[in-house]
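Per-entry structural report
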Amino acid sequence: MKIENNVSLKSFNTFGVEAMAKQFVKVNNESELKEVLFENPSVPILILGGGSNMLLTRDLDELVIFNNMKGIAVVAESDDYVQVQASAGENWHQLVLWCLDHNYGGIENLALIPGSVGAAPIQNIGAYGVELKEVFTACHAIHVKTGESQRFDRNTCDFGYRHSIFKTTEKGNWIITSVILELSKNHHHLKTDYGAIQEQLDELGIKEPTIRDVAQAVISIRSSKLPDPKKLGNSGSFFKNPVVSKSKVENLLQSNTDMPYFELLEGDCKIPAAWLIEQSGFKGKRVGNCGAHEKQALVLVNFGDASGSDILSLATDIQNEVNRKFGILLEMEVNIL
Ligand code: FAD
Ligand code: EPU
């Protein structure tokens, strides 16, 4: 384990933007991580997973710790359920595939989400009607300043839509080292009600889907609309879908009769940010070397040599225009550095 100086992070972030890390180290296990923290007590730390939910707008003075901790194991089991513990440096999608191979159900709708297992709780990853919190039992983490180990059970994480304590009150304080998920071994509770999944299964003539069928449907849908970061730099949805009051929706519907929205259990409504951005004229629009994707307006893309600041500037223009047109301030989902 060696701390390297002046390392390019271009290949470590899915936007593919250039930024230098003053100091960079790859840790393969907990003892290496503790050693790095112990030997660098007063240096600010940035923990890096797959770099698929961050926008680098500057060179980093922080010590960048690349999490490379590996391992997946069953840690508890009953007739119906299994608890799987995965190390933080495992790739999330590889974990989904591992679970499919073992016929463990619960995360098939979260197939093909890029990034590491350790980052999954940070924003409570979600897709196609499922959020991590539904299968999350606990995670283990190490405090960046004290090196103390702690277990966080689900009820202590304050999970919400793209939200957890690791993005708010405990932001930057903990390095997650592993995650424990509770998954079904049989009688899987399939979630196929998210429109496009059922359509996809119908198209393939699948009447009694398995968890693998659901994962395959999700993979097909995602591949058809989301750009592959290996070909076109991006970070998935740049903004969160805004949650607004029912009366705000009723107001907007008067002049936007075709506006899509979803009622939430709490009485508020979620409006697709992609629709707001498209209506504001940004879908498929290119500004210099970046733009909003032609198939999914919520995904900002790097056509080649855009800098993090170029992309942030476009994001701010989008925020301002959507706010001017609809009176809604979009909140960035991507972590800006
Ligand atoms: P990074 O980008 O490396 O880090 C993100 C944040 O978490 C940073 O603040 C970082 O410091 C922190 N962090 C990382 N690892 C740890 C750790 N071990 N301990 C503590 N903090 C840590 N997200 C969804 O929820 N749903 C989707 O459907 C979805 N689709 C996407 C599609 C594409 C094409 C892309 C590029 C992204 C998508 N995302 C989606 C966003 C992204 O995949 C997730 O947020 C993912 O969990 C990020 O993982 P990462 O390892 O790349 O995190
Ligand atoms: N739409 C438009 N224009 C577009 C694209 C979409 O108007 O260019 C409208 C359509 O009405 C469509 C609706 O937006 O029905 C929703 O679009 P989509 O199903 O593509 O989902 P999304 O709301 O844009 C969210 C998540 C994704 C997740 C998908 C599937 C957020 C911020 N994004 O996107 O997560 O994969 O649902 O569940 O909640 C991510 O977080 O990075 C991410 C990709």
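Below is a short write-up of the structure. (Residues numbered from 1 in each chain as written. Chains lettered and ligands numbered in written order. Predicted model: local features only at pLDDT ≥ 70, side-chain atom pairs only at ≥ 80, totals over all residues. Heavy atoms only, no water.)

A few words on the packing of aromatic side chains. The full count for this structure, using the stated rule, is 11 aromatic pairs. Between Tyr128 and Tyr194, the aromatic rings sit 5.0 Å apart at their centres with planes inclined by 70 degrees, giving edge-to-face as the arrangement. Taken together, the residues span a long stretch of sequence, with Tyr128 in the loop between strand S8 (126-127) and strand S9 (130-131) and Tyr194 in the loop between strand S12 (174-184) and helix H3 (195-203) at a distance of 66 residues. Overall, the relative accessible area of 12% leaves Tyr128 in the buried class. Taking the relative accessible area as the measure of exposure, Tyr194 reaches 44% and is therefore partly exposed. Between Phe136 and Phe159 the ring centres are 4.9 Å apart and the planes differ by 80 degrees, which places this aromatic pair in the edge-to-face class. Placement of the pair is Phe136 in strand S10 (residues 136-143) and Phe159 in the loop between strand S11 (149-153) and S12, with a sequence separation of 23 residues. (Phe/Tyr/Trp six-rings, centres within 6.5 Å; stacked < 30°, edge-to-face > 60°. Helix = DSSP H or I, 4+ residues; strand = E, 2+ residues; numbered from the N terminus. Buried < 20%, exposed > 50% of the residue type's maximum accessible area, 1.4 Å probe, protein only.)

Not every one of the 23 residues close to ligand 2 is listed here, only the nearest: Tyr128, Tyr161, Glu278, Gln296 and Glu333. Lys225 places a polar side-chain atom, nitrogen or oxygen, 3.2 Å from an oxygen atom of ligand 2. Summarising the interface, the protein chains cover 80% of the accessible area of ligand 2, which totals 830 Å² for the free molecule. Mapped onto the shell around ligand 2, the elements with two or more residues apiece are helix H4 (211-225), strand S13 (233-237) and helix H6 (273-279). Ranked by residue count, the leading element in the shell around ligand 2 is H6, at three residues. When its residues are assigned to classes, the shell around ligand 2 shows 11 nonpolar, four polar and eight charged. Two domains share the shell around ligand 2, each providing at least three of its residues, namely domain 2 (72-225) and domain 3 (233-336). (Near = heavy atom within 4 Å. Polar contact = N/O pair within 3.5 Å; in protein donor to acceptor, adjacent residues only side chain to side chain. Areas by Shrake-Rupley, 256 points an atom, 1.4 Å probe, with all protein chains shown as cover. Nonpolar A, V, L, I, M, F, W, Y, C, P; charged D, E, K, R; others polar. Domains from an automatic or database assignment.)

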